[in-house]
4 protein chains.
Amino acid sequence: MKNTATLLISSPDRKGLVAAIADFLYKHNANILHADQHQDATEGIFLMRVEWDLADFTLSLADFPAAFDKAMADFDMNWQLVDGRKRTRMAIFVSKFDHCLVDLLYRHKQGELQCDIPLIISNHEDTREIADFYGIPYHVVSVTAENKVEAEAEQFRLLAEYNINLIVLARYMQVLSSEFCKQYPQQIINIHHSFLPAFHGARPYHRAFERGVKLIGATGHYVTEILDDGPIIEQNVTRISHRDSIDDLLQKGRDLERVVLSSAVRWHIDHRVLVYKNKTVVFD
Amino acid sequence: MKNTATLLISSPDRKGLVAAIADFLYKHNANILHADQHQDATEGIFLMRVEWDLADFTLSLADFPAAFDKAMADFDMNWQLVDGRKRTRMAIFVSKFDHCLVDLLYRHKQGELQCDIPLIISNHEDTREIADFYGIPYHVVSVTAENKVEAEAEQFRLLAEYNINLIVLARYMQVLSSEFCKQYPQQIINIHHSFLPAFHGARPYHRAFERGVKLIGATGHYVTEILDDGPIIEQNVTRISHRDSIDDLLQKGRDLERVVLSSAVRWHIDHRVLVYKNKTVVFD
Amino acid sequence: MKNTATLLISSPDRKGLVAAIADFLYKHNANILHADQHQDATEGIFLMRVEWDLADFTLSLADFPAAFDKAMADFDMNWQLVDGRKRTRMAIFVSKFDHCLVDLLYRHKQGELQCDIPLIISNHEDTREIADFYGIPYHVVSVTAENKVEAEAEQFRLLAEYNINLIVLARYMQVLSSEFCKQYPQQIINIHHSFLPAFHGARPYHRAFERGVKLIGATGHYVTEILDDGPIIEQNVTRISHRDSIDDLLQKGRDLERVVLSSAVRWHIDHRVLVYKNKTVVFD
Amino acid sequence: MKNTATLLISSPDRKGLVAAIADFLYKHNANILHADQHQDATEGIFLMRVEWDLADFTLSLADFPAAFDKAMADFDMNWQLVDGRKRTRMAIFVSKFDHCLVDLLYRHKQGELQCDIPLIISNHEDTREIADFYGIPYHVVSVTAENKVEAEAEQFRLLAEYNINLIVLARYMQVLSSEFCKQYPQQIINIHHSFLPAFHGARPYHRAFERGVKLIGATGHYVTEILDDGPIIEQNVTRISHRDSIDDLLQKGRDLERVVLSSAVRWHIDHRVLVYKNKTVVFD
């Protein structure tokens, strides 16, 4: 739990923006810890992330919205305030492949992921043991072509019960419905086991093997209604050769997926990701 | 010029293959310098590359084919013998972007590319100066929608005149006809400025920018009748971020393209590339 | 357990070597699965790794040594025969940092590491829980400046009791004595958390931070009597920037260490590593 | 030539810093194009780079220093103002290896390096031809153990005559004297052909080969009085294997050196590099 606040801003680019924001924070005695900004000259968009210590801050976060809106009246600004004392509540969806699940739970225990993980949902029993080891409630919701609506209703119920605001699909082998995707905009992160947009859809490693590519990839992205098309948060690749069988690709891919997914999740949790035009800005 | 011979073998995998080949070479007193082999268990294919010194070799390369075929009668083998004393004769096709051309010519002068480059063909005058600097004949063959057949006829004439057996498309902005591709199977290498199969076709950097990928790539591949679909020889990627404009992508891409294309060309020239099932094996 | 045998050969390079080996294997009806060789022209050394199926092999592995030595009498050859039906028995040494331990145990369970892990030795109790989860005997041997000789004696006893032939130092924070190193030549693998030879010795991440390097690295190597000087099996690096604190380096380093160490261990277990002149050849 | 100004700031971190700077720029109607900042919490240091369009800026750059010092009187700030309309004047020092020279000149012509290159100094005649091709004055200053003082005096004369403020050592095989280094603080960039601090000093590729490392590197750094010890601007590595001879290392190294050196030079020219505590911050 961090005693900080983070402001994420997206706005048409205008003179005086930074001065107005910096003045506002200074007037309320903010001790700025990190600030990063980006100007997209082509689109005329200004993006900013600023994080400050709440210790000496003289404005309560409850009063922040009204005061900030008033001060920024001249600008056509979208902003979001994040209270660092409230941790993201993350649910992990998983099927039978457990490497991403194991990795996320270990990193969480290590302190790499500053969030709560109160819920794991799977369509199988297979990974219950690891959930138990880390002491995390594990719910099996079977999904078939016939019961998909009911299954998602049960998932919604659990997500509400546990007050979840981030869903991580850790090699969850089911496609979420459009309704599901719409309900959690920019709150669902998926790991796709290819370098998107190459090999979107099913069995990407097999198709990569058949095409004879020299690198395989993995992509962490927000889930939207269009399959494998959401804003990309992180990607990476690893080299393969003719010596590598499909099994070797799967093994190398597991390492890739773990690193890519956990990075995407960490950046989201740290409120370092801003989305615009179906792309992400990741402030470092 | 190397006083060596290289044998490239592709065969159904059978017991005794390696013993038969090794015996044959030993009987004729070959001093083996490099040998590498690969067995594709799924396909049951055996591939081999072996290079030996000709100094003490007791069989003339003229007599090699008959003798080797006889010795390998039991195996259903495809093989190709390369006389290292005959250098590959490479033509470079280029349009206006000159970074790959400049790079190939510099590497050639450095001795990184052990081949002859007796011919550059361009559809523009723009890069003549660099050809002159390196003392290489430069021919402009204009290509339009109307004169494509005549233009390719002129290109064929030049390729024949200069006795070319490798064509490198160094950002040549024209699509070759099916007839052209068929005439030089596995003898045309192209650099495509994306990580294939992502962004095949036109303007890949612009489409990568729009999609918001986190890495851009380049692919060196043999040209076949289907655009950007031939066997991949080499690929690589480089990281980009939201800070990178289209111009930054183009600049980073130029570095990628140079390294990827020159590697693919060097491996081809060194007879280290074997093609099967629209894939390559690159022996290292 | 694999029904194969693997032969590792190191020899002065001579004509006829490959033919002699291939003939020998063919005569005994070996079905070769993988073969790789390397010739170091500068040193005049020939290295080979060949693996074959034992199903149809007509020579018993008990009779192999005498028969092979006789057949290879003309060559001054070092060779080692590995029976794939006998799995490597690996002990993991660990202190308090558990990321490499967790990673190795998970990979072992996944089937990525084809060995037995019958023993974990630690100088602390901290990681017992994870050993218990995977059902692996866990022994605490405290080590102090005063009791080092006795502690190593106890470790030797355990290693003998469990019949160990590979020791992996998974961030084990104690330096082994010369006697220990000598007793297990090329049988101890360490992960050093820097790109050796840079930052050998203590606190490499802190020293990397102070020097202002732009990449941090990790090195998997065989342990010899000289600290951090043994033959390197694998290395890799990851990019850092001024944004990264020491904690960020430690976190990025953990990912590196896991991948580098597990690769080095897997290659050793698969008998793909040959050592000569304090360097390794890793056959792929 | 860019009609912009860039302000580089290094200061003890204090509340109100950003507000003061942003206000100052806004009052004079600056249209900010890029801004980036970094806070080193451990050291309590604030670093900033801000670039703005001069088109509507109401303060002349001649009046800027007095006005800015007055406005920042409360802060103990180091700052530097860069007039984007004045291009960096860069001299290249080179010996016989020409790959970095050729690369820098090509990139300059391409527009990747927004500077003037009015001078090349070499201790040999070998690379005159390439200088002539690009139309750049080429001066040979022989350097021996005996004439080093006189040689550097001649170099100083040329640097002054051509009004040079950046010296790039493009594989210049001479060590500069302490006096030389002191005269151009943070104005001399060297490419060292290893991953520093590994293999500082002579023949790094040969020593890397002997040590059996699995990656080779290159480092672009500012030159200080202590050899190979100055602030690192950029580093990168490339993978090697037992298959690679010394010549292969040299070839792979050339590619590395070109990319690393040209990046370091471009970032310096774009005024994106700030030095503190013998480290660099590279604003992207």
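Just so it is clear, the model here is predicted, and its values are computed rather than measured. (Residues numbered from 1 in each chain as written. Chains lettered and ligands numbered in written order. Predicted model: local features only at pLDDT ≥ 70, side-chain atom pairs only at ≥ 80, totals over all residues. Heavy atoms only, no water.)

## Side note on the sheet that holds strand E3 (residues 45-53) of chain C
All names here are of chain C. Worth spelling out the cut-off: Only strands that DSSP links by at least two bridges are regarded as paired with each other. Here a strand is any run of E in DSSP of at least two residues, a helix any run of H or I of at least four, and the numbering for each starts at the N terminus. Axis angles are defined between N-to-C directions and span 0 to 180 degrees, where every axis is a line fitted to C-alpha atoms and, for a helix, only to the segment in contact. Pairs of residues are marked as contacts when any of their non-hydrogen atoms sit within 4.5 Å.
Spatial ordering of the open sheet is given by E2-E3-E1-E4, a layout of four strands whose pairing is antiparallel. For this open sheet the edge positions go to strand E2 (31-40) and strand E4 (78-83), each flanked by a neighbour on one side alone. The average undirected angle you get between the axes of adjacent strands in this sheet is 10 degrees. Alignment of E2 against E3, held across nine bridges, turns out to be antiparallel. Opposite His 34, over in E3, you have Glu 51 as the bridge partner. Those strands touched by helix H1 (residues 17-27) are strand E1 (4-12), E2 and E3, and its axis lies near 15 degrees from that of E3. Against the sheet, helix H2 (residues 64-71) makes contact with E1, E3 and E4, and its axis sits at roughly 150 degrees relative to E4, the strand it touches most.

## Here's the deal with the relation of the copies chain B and chain D
Relating one copy of the chain to the other takes a rotation about an axis and a shift parallel to that axis. Basically, it comes down to this: Copy-to-copy alignment: least squares on C-alpha atoms, limited to residues at pLDDT 70 or above in both.
Mapping chain B onto chain D is achieved by rotating through 180 degrees and translating by 0.0 Å along the same axis, at an RMSD of 0.0 Å. Taken together, the rotation angle and the small translation identify this as a two-fold axis. When C-alpha distances to the rotation axis are compared across chain B, the minimum falls at Phe 133 of chain B, with a value of 3.9 Å.

## Side note on the interface of chain A and chain B
We count it as follows: Two parts placed together each lose some accessible area; with a 1.4 Å probe, that loss summed over both constitutes the buried area. The rule for a salt bridge is simple: a side-chain nitrogen of Lys or Arg has to be within 4 Å of a carboxyl oxygen of Asp or Glu. Two N or O atoms form a polar contact when they lie within 3.5 Å of each other; inside protein one atom must be a possible hydrogen donor and the other a possible acceptor, and for residues adjacent in sequence the pair counts only when both atoms belong to side chains. The classification used treats Ala, Val, Leu, Ile, Met, Phe, Trp, Tyr, Cys and Pro as nonpolar, Asp, Glu, Lys and Arg as charged, and all other residues, Gly among them, as polar.
At the junction of the two partners, chain A supplies 32 residues and chain B supplies 33 residues. In total, chain A and chain B occlude about 2900 Å² of area from one another, counting both sides; carbon and sulfur atoms represent 51% of this. Its largest share of buried area at the contact with chain B, chain A owes to Arg 211, Lys 214 and His 242 of chain A, together 25% of the area lost on that side. Inspection of the chain A/chain B interface yields four salt bridges. Between Asp 36 of chain A and Arg 243 of chain B there is a salt bridge, with its nearest N and O atoms 2.8 Å apart. Linking chain A with chain B are 22 residue pairs in polar contact (both at pLDDT 80 or more). Those elements that provide at least two residues to the side of chain A that touches chain B are strand E2 (31-40), helix H7 (204-211), strand E11 (232-239) and strand E13 (279-282) of chain A. Considering every element that reaches the side of chain A that touches chain B, the biggest residue donor is E11 of chain A, with seven residues. A breakdown of the residues in the side of chain A that touches chain B according to their chemical character gives 13 nonpolar, nine polar and ten charged.

## Thoughts on the sheet that holds strand E5 (residues 89-94) of chain C
Residues and elements named next belong to chain C. With mixed pairing, seven strands are arranged side by side in an open sheet as E7-E6-E5-E8-E9-E10-E11. Edge strands, defined here as strands with exactly one partner in the open sheet, are strand E7 (138-140) and strand E11 (232-239). Sheet twist, expressed as the average angle between the axes of neighbouring strands with direction ignored, equals 15 degrees. Of the strand pairs in this sheet, E5 and strand E8 (residues 166-169) are connected by four bridges, and their pairing is parallel. Following the sheet pairing, Ile 92 is matched in E8 by Val 168.

## Quick notes on the pairing of E2 of chain C
Where we set the bar: To sort residues, take the accessible area from a 1.4 Å probe on protein chains only and compare it with the maximum for the residue type: under 20% means buried, over 50% means exposed, and anything in between is partly exposed.
Here E2 of chain C lies mainly inside the structure; seven of its ten residues are buried. In this structure, the hairpin formed by E2 of chain C and E3 of chain C is closed by a connection of four residues, where Gly 44 of chain C is found at a positive phi of approximately 65 degrees.

## Describing the side chain of Lys 214 of chain D
Cut-off, in case you're wondering: Under this rule, positive means Lys or Arg and negative means Asp or Glu; His and the chain ends count for nothing.
If you trace the backbone, Lys 214 of chain D turns up in the loop between helix H7 (204-211) and strand E10 (215-222). Although buried, Lys 214 of chain D forms no salt bridge, and the nearest oppositely charged side chain, Glu 234 of chain C, lies 6.8 Å from it. Residues contacting Lys 214 of chain D, with those up to four places away along its chain left out, are Ile 232, Ile 233, Glu 234, Gln 235, Thr 280 and Val 282 of chain C together with Thr 238, Arg 239 and Ile 240 of chain D.

## Brief notes about the relation of the copies chain A and chain B
Screw-axis analysis of chain A against chain B gives a translation of 0.0 Å along the axis, an RMSD of 0.0 Å, and a rotation angle of 180 degrees. Both copies contact each other with a shared surface, as 100% of the interface residues of chain A are interface residues in chain B too.

## Brief notes about the packing of aromatic side chains
Aromatic ring pairs are reported here in terms of the distance separating the ring centres and the angle at which the planes meet. This is how it is decided: Pairing of aromatic side chains requires ring centres within 6.5 Å, counting the rings of Phe and Tyr and the six-membered ring of Trp. Pairs whose planes differ by under 30 degrees are stacked, by over 60 edge-to-face, and all others tilted. Whether a charge sits over a ring comes down to the Lys NZ or Arg CZ being within 6 Å of the ring centre and within 35 degrees of the ring normal.
With the rule as written, the count across this model stands at 56 aromatic pairs over all chains. Pairing Phe 195 of chain A with Phe 195 of chain B gives two aromatic rings, centres 5.1 Å apart and planes at 65 degrees, and the pair type is edge-to-face. Of this pair, Phe 195 of chain A sits in the loop between strand E9 (188-192) and H7 while Phe 195 of chain B sits in the loop between strand E9 (188-192) and helix H7 (204-211), which puts the two residues in different chains. Across the pair, exposure class does not vary: Phe 195 of chain A and Phe 195 of chain B are buried alike. Look at Trp 52 of chain B and Phe 64 of chain B: their rings are 5.9 Å apart centre to centre, the planes differ by 20 degrees, and that puts the pair in the stacked class. Within this pair, whereas Trp 52 of chain B is found in strand E3 (residues 45-53), its partner Phe 64 of chain B is found in helix H2 (residues 64-71), the two being separated by twelve residues in sequence. Just as Trp 52 of chain B is buried, Phe 64 of chain B falls in that class too. An aromatic cluster of three or more residues is present, and its members are Phe 24, Trp 52, Phe 57, Phe 64, Phe 68 and Trp 79 of chain A. Above the ring of Phe 209 of chain C, the side-chain terminus of Lys 279 of chain D is found at 3.6 Å from the ring centroid.

## Some remarks on the domain arrangement of chain A
Residue and element names in this part refer to chain A. For the record, the criterion: Segmentation into domains, and thus their bounds, comes from an automatic or database assignment.
The domain boundaries assigned to chain A delineate domain 1 (4-83) and domain 2 (89-282). Counting residues at the interface gives eleven residues for domain 1, matched by seven residues for domain 2. Between domain 1 and domain 2 the total buried area reaches about 800 Å² when both faces are included, carbon and sulfur atoms providing 68% of it. Of all residues in domain 1, Leu 8, Leu 47 and Arg 49 give up the largest surface area on contact with domain 2, accounting jointly for 47% of the area buried on that side. Lys 277 serves as the salt-bridge partner of Glu 43, at 2.9 Å between the closest nitrogen and oxygen.

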